[in-house]
Amino acid sequence: MVDFSDCVAELEGWTPGKAVILAGAGTSFCSGGEHQTINSILTRGGLMCGYMQDATSRLFNLPLVSVAAIAGHALGGGAELATACDFRIMKQAAKIGFVQVRLNLTTGWGGGTRLVKLLGRTKALSLLTSGRVLDAETALKIGFVDAIVDNDGDIVDHAKDWLSRNVISEKETTAVVKQVVVAADNMSEKEAYDLERELFSNLFGSPSHIEAKNAASKFKK
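Residues numbered from 1 in each chain as written. Predicted model: local features only at pLDDT ≥ 70, side-chain atom pairs only at ≥ 80, totals over all residues. Heavy atoms only, no water.

Colleague: Explain the layout of surface pockets residue by residue, including any values.
Modeller: If you add up the space inside the second largest pocket, you get close to 460 Å³. In terms of lining residues, the second largest pocket is bounded by 17 residues, among which Thr173, Leu203, Ser208, His209 and Ala212 are the most central. Broken down by class, the residue content of the lining of the second largest pocket amounts to nine nonpolar, five polar and three charged. (1 Å grid on protein atoms, 1.4 Å probe; cavity = no way out; pocket = protein on both sides within 12 Å on 5 of 7 lines; lining within 4 Å. Points joined across faces, edges and corners; volume = space filled by probe spheres on them. Nonpolar A, V, L, I, M, F, W, Y, C, P; charged D, E, K, R; others polar.)

Dropping the structure here:
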């Protein structure tokens, strides 16, 4: 958890690129809490919750497009980590589930709140109260993941390919678009409108806008 938070802090100051891929080592994405660790912090649930809510929220709000690349199991806390990314892709054989209820727990890393915003109240409630583990086809059908990729090949390579086809904006523009989306998610409507107007005004008529506009005009001809 500390390493994860430190990684997010590093990404907050990272400027060379426009996207980040979150993937697990080996065949799993993240299979949830490790029993020995959980047993050692049973009296510190609130501290852990606050720490990870902060870390996952900061990942969610990065000025980067984030993709959870799920190659294997994403269970419990692993499913919550997946909600902290903008997009999710899964290998055909992967599984994902909010299994906290099987331990008489609820989500503790902000995943429940993000799941409601992502899927709506009814679908989120169904997943959180049933502890159901979803296969890739079901997760795609309900709108929890954005794409299914082949089991063959490295999941990070699949994610890079997906990003190259779906995020066409340059890194500076991508960062601004992400600001608009984050503002809409966290600010009042008036505040979000004001920021969107400010960001648009900064880009409109800028050298990069004019260059892209002229290139588009040449292409049409």
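Picking up after the structure, the text goes on.
Colleague: If you had to explain the side chain of Thr56 to someone new, which residues and values would you point to?
Modeller: You can see Thr56 is positioned in helix α3 (residues 45-60). Here Gln53 takes part through its backbone oxygen, which lies 3.3 Å from a polar atom of the side chain of Thr56. Discounting chain neighbours no more than four positions away, the residues touching Thr56 are Phe4, Leu81, Ala84, Trp109 and Arg114. (Helix = DSSP H or I, 4+ residues; strand = E, 2+ residues; numbered from the N terminus. Polar contact = N/O pair within 3.5 Å; in protein donor to acceptor, adjacent residues only side chain to side chain. Contact = heavy atoms within 4.5 Å.)

Colleague: Explain the sheet that holds strand β5 (residues 95-97) to me, and be specific about the residues and the numbers.
Modeller: With mixed pairing, the three strands of this open sheet are ordered in space as β3-β5-β6. For this open sheet the edge positions go to β3 (73-75) and β6 (133-135), each flanked by a neighbour on one side alone. Sheet twist, expressed as the mean angle between neighbouring strand axes with direction ignored, is 15 degrees. Here β5 runs beside β6; their pairing, made up of three bridges, is antiparallel. Bridge pairing in β6 places Ile96 opposite Leu134. (Pairing = 2+ DSSP bridges. Axes fitted to C-alpha atoms, helices over the stretch in contact; angles between N-to-C directions.)

Colleague: Tell me what's going on with the side chain of Arg88, and back it up with residues and numbers.
Modeller: You can see Arg88 is positioned in strand β4 (residues 87-91). In this structure Arg88 is buried but unpaired, with Asp146 as the nearest side chain of opposite charge at 4.3 Å. Among the polar contacts made by the side chain of Arg88, one reaches the main-chain carbonyl oxygen of Ala82 at a distance of 2.9 Å. With sequence-adjacent residues up to four places away left out, Arg88 is seen in contact with Ala68, Ile70, Ala82, Thr83, Leu118, Phe144, Val145, Asp146 and Ala147. (Buried < 20%, exposed > 50% of the residue type's maximum accessible area, 1.4 Å probe, protein only. Lys, Arg positive; Asp, Glu negative; His and termini not counted. Salt bridge = Lys/Arg side-chain N within 4 Å of Asp/Glu carboxyl O.)

Colleague: Give me the pairing of strand β2 (residues 65-70): which residues, what numbers.
Modeller: Among the six residues of β2, six are classified as buried, and the element is accordingly described as predominantly covered. Here β2 shows a buried face lined by Val65, Val67 and Ala69 and a second buried face lined by Ser66, Ala68 and Ile70. Strand direction decides the pairing type here: strand β1 (residues 19-23) and β2, joined by five bridges, are parallel. Each residue of the ladder has a partner; that of Ala23, found in β2, is Ala69. The pairing of β2 with β4 spans four bridges and is classified as parallel.

Colleague: Any details on the sheet that holds β2? Residues and values, ideally.
Modeller: With parallel pairing, the four strands of this open sheet are ordered in space as β1-β2-β4-β7. Looking at strand neighbours, the two that pair on one side only are β1 and β7 (147-149), the edges of this open sheet. Averaged over neighbouring strand pairs, the angle between their axes works out to 25 degrees when direction is ignored. Taken together, the three bridges between β4 and β7 define a ladder with parallel strand orientation. The partner of Ile89 across the bridge, within β7, is Ala147.

Colleague: Can you break down the packing of aromatic side chains residue by residue, with the values?
Modeller: The relative placement of two aromatic rings is captured by the distance of their centres and the angle of their planes. Summed over all chains, the structure comprises three aromatic pairs. Ring geometry for Phe87 versus Trp162: centroids 5.1 Å apart, planes at 55 degrees, classification tilted. Of this pair, Phe87 sits in strand β4 while Trp162 sits in helix α8 (residues 155-166), placing them 75 residues apart in sequence. According to the relative accessible area criterion, Phe87 is partly exposed, its value standing at 27%. Under the relative-accessibility criterion, Trp162 is labelled buried at 8%. (Phe/Tyr/Trp six-rings, centres within 6.5 Å; stacked < 30°, edge-to-face > 60°.)

Colleague: Lay out the nonpolar core in plain terms, naming residues and giving numbers.
Modeller: Membership of the largest hydrophobic core comes to 33 residues, with the highest contact counts inside it found for Phe29, Ile70, Met90, Ile96 and Phe144. At the level of secondary structure, the elements contributing two or more residues to this core comprise α1 (2-12), α3, β2, α4 (77-83), α5 (111-119), α6 (121-130) and α7 (136-141). With near-sequence residues (within four places) excluded, Phe144 lies in contact with Ala79, Thr83, Arg88, Ile96, Phe98, Leu115, Leu118, Leu119 and Ala139. Counting residues in each nonpolar core, the second largest holds 12 residues, with Val65, Ala71, Ala159 and Trp162 among its members. (Core = buried A, V, L, I, M, F, W, Y, C linked by side-chain atoms within 4.5 Å.)

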